[in-house]
Amino acid sequence: MMKRRTMLKSMGAVSLGMVTPSFAKGERLVEPYKVKEEIITTEILVVGGGTTGTIAAIQSGRAGAETILIESGSQLGGTTTTGGVSFPGIFHAWGKQIIGGIGWELVMDCVQLNGDKLPNFSKIPDSHWKHQVTINAPLYTLLAEEKCLEAGVKIRYYETPTHIEFKEGKWIVETVGKGTKTSIVCNQIIDCTGNALIASMAGYDVLREEDTQPGSLIFRLGGYKYDALDLTKIPKKHHRILRQNMLENSKRESREHTYVPYSYVYVPGADSTTSEGHTIANNDGRNTLLNLVRKLKTFPGCENLKLVDLKTETAVRETYRIDGLYKMNKDDYTSGKVFDDAVSHSFYPIDLHRDGKSIYQEFLKPDIVASIPLRSLIPKRSQNFLVAGRCVSSDRLANSALRVQASCMGMGQAAAVAAVLASKQGISPAEVDINEIKDLLKKHGAIIPKQV
Amino acid sequence: MIKVRYFGVVIVGLIGLILIFFQEKYPIKYMQVATIESSPAGEPSIVVTFKDSVTNETIYLRKTKDNIPLHYFKKVIGEVCYDDECRLLDIVVYWNITGRYLGFELPKGEFLSKYDHDPFSENEYQRLHTLLADSSIPLDAVSFEKLVEQPKNDEGVVDAVSGATSKSVADMVVKGAAYTTYKLWNIVNGPTMDIVSKLTEKHLTPTLIYRILQSPDISDRLWALNRMDALNVLTPQLEDTLLEIISSDDFYLSYSAINAINVIHLKSVELQRGLFANYPKANHSIQTALLKKLIEAPFLSSEIIQDSRVLLPQLNGQQLNDLLQLYTKHKVHDTKTYSEVTKILKNENKYISKKAYSFLINIQTDDEFIMERLKAYKN
């Protein structure tokens, strides 16, 4: 008879041999962590995969240029997705479509795949935001990435530039990422950081206001009924947050007013240019929100208030702008001036969030739609370099309208076309025949402002 | 001086008397543009009645003797009270056959008044009429009590990030007649609106849809487009109207018209051809919508295959992708089309040539030319 100890020992051996699957046997020592260093080349480098850079990269790839897109975060879309402003606009004005192209294609694909409905663009709204299109942000992220990859764009997430140099007609951009240190040699750069970061690194002039508009951390509350609250017992300053903003629901049926509620807290001085700055903006926003939630829960009817959703990071409105070949001013914007080198439209009220408490707004008069000249996307004294997005060369008031998503998408597409043509011709974007740029943009579905 | 003053008083009095006379003789009536203009004067119309399933009140439908519905109306009698004082509200509310507000009419001698019992002025009637016509005002979202409690806009609560701003009471009502406005707005824009729209839906014919599509009001045309599904066949007249709308530069109307077409309608070769005829000059987003619609067709007209083939060399990558998807769905496999697509393999733009490659690699062919080109492309 087998002794108990021997039996247990043999059982252990059997179970180890029979039950342990083969994949558990592959343990090995790995090489110590090493940063991978390499030099890679491309025709076009797009820096920043946000609202603007995503469109610029897709356009560049579709126009047949080798394209690399570097993005410091983990997904595309920026303010539209990570920042939670998932209601891009404005693509239509006064009954007509004014911004089309790749940005609109992405929005439409998102609306259709999610089974949503478009707002009625034929009806001129009493408030501009009614023509913003509510989209499913996670779906937008997936579609944006798919379109980039399909266009042959090489996406490099978690990567950021550290140094830039122009040498023998090429840009050499050094970047660091998780375990990577890369030199990207390219013909043309499109700075879509929103913060004119690369323009500044390249030594071009960038400007910043003494006081910048606050950022916004977007969230959603639940667990209470606004209509049932006794507002006389709640300080007025909290009413807006409790009421929450209402995005017109894309699934609105019949006469019902159905809305997607959301809210935001202001984050004064929010700046996403550096990790430190963006961390502070996130810390500040989250801290403000946490204290707000604690405070709101003390009010009658809000005892069960819940934080239902919180966006990943603080979305930023205003940081740096380039000093471009042309600086758009507020009069250019509000008069709807159509420049000879206009490459895209823009439509939004002048919309300056001043001190975190009030907003200066000026609406465009009927039939007025602003246009954006290519020169505003080119820094003075620059070579083989463009910007697109909110760092467009403009005064503060014009910028407060230009910064919105549809306008940024239009700029991204235009900058990419200019960069691709410049790359093919071995010149700087400012030297490319503007009609060639307009023709190629039209070919890719963009809407070019027309002189009346 | 006294004479002048006396004269002034007399003039004002006379004007007042004239107004009262007209009010007695002609009822107060405000009407918007109608979906279908009433039949010519003198032509008899028929009135039929329905029960409002929500309020159990009677809804009247006026139609021509040819059975073309013109509008619905309802008599509203109730009380408007303020500070425990009440006044009778006696009014007839009209809706277009699409449910869109048409107007209101007061019986002879009746008038609307404000909380101080002052009668409405002409401007106030006009403002009420404008407010009632705006179904986007959120007066159905709040109780009257909440409405009058609302903070005003000037308290710095406006938002412009996406900007859904709560309208102030002043923006939504006639001054001094908040409850009258609130009550009437909720009648006009309440359940009856959908009830009458559904009543019309039940009697839709190609002729009626055609008539509604001629309405000067865009929301009426959208109403008709959204209900085209109910028709199994489109008359040539309707097809022409649809194609005309699709060719307009109003994106939303054009897009809605494309989406109004269903699979059964696409059996019509003429409609297919008309749709594709819009393709070359359409906005890119409309082009995509047109091809997606043709993908739904039970078959693809041979003329479209021929006409689209000519366009192949000039398309951008995205347009090419849409067209090749159309060919794939309809199993287009004629040698001429294959040959044209094969030529695209030589396009310098890799994004474009790759689309052609992906299409050709999935077709069943032993054509030597195509095989050779595919091999060359891969290498």
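Residues numbered from 1 in each chain as written. Chains lettered and ligands numbered in written order. Predicted model: local features only at pLDDT ≥ 70, side-chain atom pairs only at ≥ 80, totals over all residues.

As for the overall build of chain B
Phase 1 of the analysis: Across its full length, chain B carries 17 helices and 6 strands.
Phase 2 of the analysis: For chain B, the residues scored as buried account for 33% of the 379 residues in total.
Phase 3 of the analysis: Looking at chain B alone, contacts between residues at least 24 apart form 62% of all its contacts between residues at least 6 apart. (Helix = DSSP H or I, 4+ residues; strand = E, 2+ residues; numbered from the N terminus. Buried ≥ 20, exposed ≤ 12 C-beta atoms within 10 Å, placed from the backbone. Contact = placed C-beta atoms within 7 Å.)

Brief notes about the overall build of chain A
Phase 1 of the analysis: The helix and strand inventory of chain A stands at 11 helices and 19 strands.
Phase 2 of the analysis: Overall, the C-alpha framework of chain A stretches about 105 × 70 × 45 Å when taken along its three principal axes.
Phase 3 of the analysis: Expressed as a percentage of its 452 residues, the buried residues of chain A come to 49%.
Phase 4 of the analysis: If you take every contact in chain A between residues at least 6 apart in sequence, the share linking residues at least 24 apart comes to 75%.

Details of the pairing of strand S8 (residues 180–191) of chain A
All names here are of chain A.
Phase 1 of the analysis: Bridging between strand S1 (residues 36–47) and S8 involves 11 bridges; their strand directions are parallel. Bridge pairing links Leu 45 to Ile 189 in S8.
Phase 2 of the analysis: Pairing of strand S7 (residues 170–177) with S8, which is carried by 7 bridges, proceeds in the antiparallel orientation. Within S8, the residue paired with Thr 175 across the bridge is Thr 182.
Phase 3 of the analysis: A loop of 2 residues connects S7 with S8, the two strands running antiparallel in sequence, and Gly 179 in this loop sits at a positive phi of about 70°.
Phase 4 of the analysis: Bridge count for S8 against strand S19 (residues 385–387) is 3 bridges, and the pairing is parallel. Following the sheet pairing, Asp 191 is matched in S19 by Val 387. (Pairing = 2+ DSSP bridges.)

Quick look at the pairing of strand S10 (residues 215–222) of chain A
Residue and element names in this part refer to chain A.
Phase 1 of the analysis: With 6 of its 8 residues buried, S10 lies for the most part within the structure.
Phase 2 of the analysis: Here S10 runs beside strand S13 (residues 306–310); their pairing, made up of 4 bridges, is antiparallel. Bridging across to S13, Phe 219 finds its partner in Leu 310.

Focus on the domain arrangement of chain A
Residues and elements named next belong to chain A.
Phase 1 of the analysis: According to the domain assignment, chain A contains domain 1 (36–209 + 317–443) and domain 2 (215–310).
Phase 2 of the analysis: Just the C-alpha atoms count here: the centres of domain 1 and domain 2 sit 29 Å apart.
Phase 3 of the analysis: Each partner contributes to the interface: domain 1 provides 13 residues, whereas domain 2 provides 13 residues.
Phase 4 of the analysis: Of the residues belonging to the side of domain 1 that touches domain 2, the class tally is 4 nonpolar, 5 polar and 4 charged. (Domains from an automatic or database assignment. Nonpolar A, V, L, I, M, F, W, Y, C, P; charged D, E, K, R; others polar.)

Digging into the domain arrangement of chain B
Residue and element names in this part refer to chain B.
Phase 1 of the analysis: In terms of domain boundaries, chain B breaks down into domain 1 (29–153 + 165–195) and domain 2 (203–378).
Phase 2 of the analysis: Measuring from the centre of the C-alpha atoms in domain 1 to the corresponding centre in domain 2 gives 44 Å.
Phase 3 of the analysis: The interface of domain 1 with domain 2 comprises 8 residues on the first partner and 10 residues on the second.
Phase 4 of the analysis: Residues of the side of domain 1 that touches domain 2, tallied by class, amount to 4 nonpolar, 3 polar and 1 charged.

What about helix H4 (residues 137–150) of chain A?
Residues and elements named next belong to chain A.
Phase 1 of the analysis: Its 14 residues place the ends of H4 20 Å apart at the C-alpha level, agreeing with the 20 Å of an ideal helix rising 1.5 Å per residue.
Phase 2 of the analysis: Turning to H4, its buried residues are Tyr 140, Thr 141, Leu 143, Ala 144, Lys 147 and Cys 148.
Phase 3 of the analysis: In this fold, the buried residues of H4 make contact with helix H2 (51–62), strand S2 (67–71), helix H3 (101–113) and strand S5 (154–157).
Phase 4 of the analysis: Looking one or two residues past H4, Gly 152 carries a phi angle of roughly 85°, positive in sign. (Expected span 1.5 Å × (residues − 1).)

Quick look at the nonpolar core
All names here are of chain A.
Phase 1 of the analysis: Grouped together as the largest cluster of nonpolar side chains are 159 residues, with contacts concentrated most on Leu 45, Ile 190, Leu 386, Ala 388, Ala 415, Val 417 and Ala 418.
Phase 2 of the analysis: The biggest single contributor to this core is helix H10 (residues 405–425), with 13 residues.
Phase 3 of the analysis: When near neighbours in sequence (up to four residues on either side) are disregarded, Val 417 contacts Gln 59, Ala 63, Ile 437, Leu 440 and Leu 441. (Core = buried A, V, L, I, M, F, W, Y, C linked by C-beta atoms within 7 Å.)

What about the packing of helix H11 (residues 269–277) of chain B against helix H12 (residues 284–295) of chain B?
All names here are of chain B.
Phase 1 of the analysis: Packing of H11 against H12 brings their axes to within 10 Å, and their N-to-C directions diverge by 160°. When the axes of H11 and H12 are compared, the pair comes out roughly antiparallel. As H11 packs across H12, the resulting crossing turns out to be left-handed. Together, Gln 272, Leu 275 and Phe 276 of H11 and Leu 290, Lys 293 and Leu 294 of H12 make up the contact between the two elements.
Phase 2 of the analysis: In the contact of H11 with H12, the residues fall into 4 nonpolar, 1 polar and 1 charged. (Axes fitted to C-alpha atoms, helices over the stretch in contact; angles between N-to-C directions. Parallel < 35°, antiparallel > 145°, perpendicular 65-115°, else oblique. Left-handed = near helix turned anticlockwise from the far one by under 90°.)

Some details on the environment of Asp367(B)
Phase 1 of the analysis: As for its placement among the helices and strands, Asp367(B) is situated in the loop between helix H16 (350–361) and helix H17 (368–378).
Phase 2 of the analysis: Linking Asp367(B) and Tyr60(B), residues 307 residues apart in sequence, is a C-alpha distance of 70 Å.

Notes on the packing of H2(A) against H4(A)
Residue and element names in this part refer to chain A.
Phase 1 of the analysis: As a packed pair, H2 and H4 sit with axes 8 Å apart at the nearest point and diverge in direction by 30°. With respect to H4, the axis of H2 lies roughly parallel. Handedness of the H2/H4 crossing: left-handed. Of H4, the residues touching H2 (which contributes Thr 54, Ala 57, Ile 58 and Gly 61) are Ala 144, Lys 147 and Cys 148.
Phase 2 of the analysis: Of the residues assigned to the contact of H2 with H4, the class counts are 4 nonpolar, 2 polar and 1 charged.

Observations regarding the environment of Pro373(A)
Residues and elements named next belong to chain A.
Phase 1 of the analysis: Within the element layout of this structure, Pro 373 appears in strand S18 (residues 370–373).
Phase 2 of the analysis: Sequence-wise, Pro 373 and Phe 339 are 34 residues apart; in three dimensions their C-alpha atoms are separated by 5.8 Å.
Phase 3 of the analysis: Other than its neighbours up to four places away in sequence, Pro 373 contacts Tyr 326, Phe 339, Asp 341 and Ala 342.

As for the environment of Ser200(A)
Phase 1 of the analysis: Counting through the fold element by element, Ser200(A) comes out in helix H5 (residues 197–201).
Phase 2 of the analysis: Sequence-distant contacts of Ser200(A), that is, excluding residues within four places in its chain, are made with Val206(A) and Tyr320(A).

Let's talk about H3(A)
Phase 1 of the analysis: Between its first and last C-alpha, H3(A) extends 18 Å over 13 residues, near the 18 Å set by a 1.5 Å rise per residue.
Phase 2 of the analysis: Among all positions in H3(A), only Gly101(A), Ile102(A), Gly103(A), Trp104(A), Glu105(A), Leu106(A), Val107(A) and Cys110(A) are buried.
Phase 3 of the analysis: Looking at the buried side of H3(A), the elements it contacts are H2, H4 and H10 of chain A together with H12 and helix H14 (317–329) of chain B.
Phase 4 of the analysis: Two residues or fewer past H3(A), Gly115(A) is found with a positive phi of approximately 70°.

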